[in-house]
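For reference, the chains in residue letters:
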Amino acid sequence: MSMNNWQSIHSSEINMRQRFERADITGLPTGVGRNVSEFSHFYCEYVKRVREEVAKYPGRHELIEIDIEDTTVGWQMEEAFGTSHTCWGKKNT
């Protein structure tokens, strides 16, 4: 999902946005994440940290990255996790 799309969902969920802003998340200082630029920077740095941590333990951890906006995401998840592709759908609640 692109940051702009995520931000529009993120912004409509005020409680969720406020939770992110107040949460004690490494790399996301309290009060940061109110706009696309701040949150994009945090997210990119977070992804880098996760990849670095997984790389430290080859053979012990496997990182599976899936673009949830890809039209074949259900099939990708079926292949990666052994679940039916029909279990995946796009829905905002």
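Just so it is clear, the structure is predicted and the values come from calculations on it, not from any experiment. (Residues numbered from 1 in each chain as written. Predicted model: local features only at pLDDT ≥ 70, side-chain atom pairs only at ≥ 80, totals over all residues. Heavy atoms only, no water.)

Trainee: What am I meant to see in the pattern of salt bridges here?
Mentor: Pairs can form between side chains of opposite charge whenever their charged atoms are close. For the structure on display, the rule yields three salt bridges. Between glutamate 45 and lysine 48 there is a salt bridge; the shortest N-O distance is 3.2 Å. With a gap of three residues between them, glutamate 45 and lysine 48 both fall in helix α3 (residues 36-56), about one helical turn apart. We classify glutamate 45 as partly exposed; its relative accessible area is 28%. Taking relative accessible area as the criterion, lysine 48 reaches 43% and is therefore assigned partly exposed. A salt bridge links lysine 56 to glutamate 53, with the shortest nitrogen-to-oxygen separation between them at 2.7 Å. A residue pair is termed a helical-turn pair when its members lie 3 or 4 positions apart in one helix, as lysine 56 and glutamate 53 do in helix α3 at three residues. We classify lysine 56 as exposed; its relative accessible area is 52%. (Salt bridge = Lys/Arg side-chain N within 4 Å of Asp/Glu carboxyl O. Helix = DSSP H or I, 4+ residues; strand = E, 2+ residues; numbered from the N terminus. Buried < 20%, exposed > 50% of the residue type's maximum accessible area, 1.4 Å probe, protein only.)

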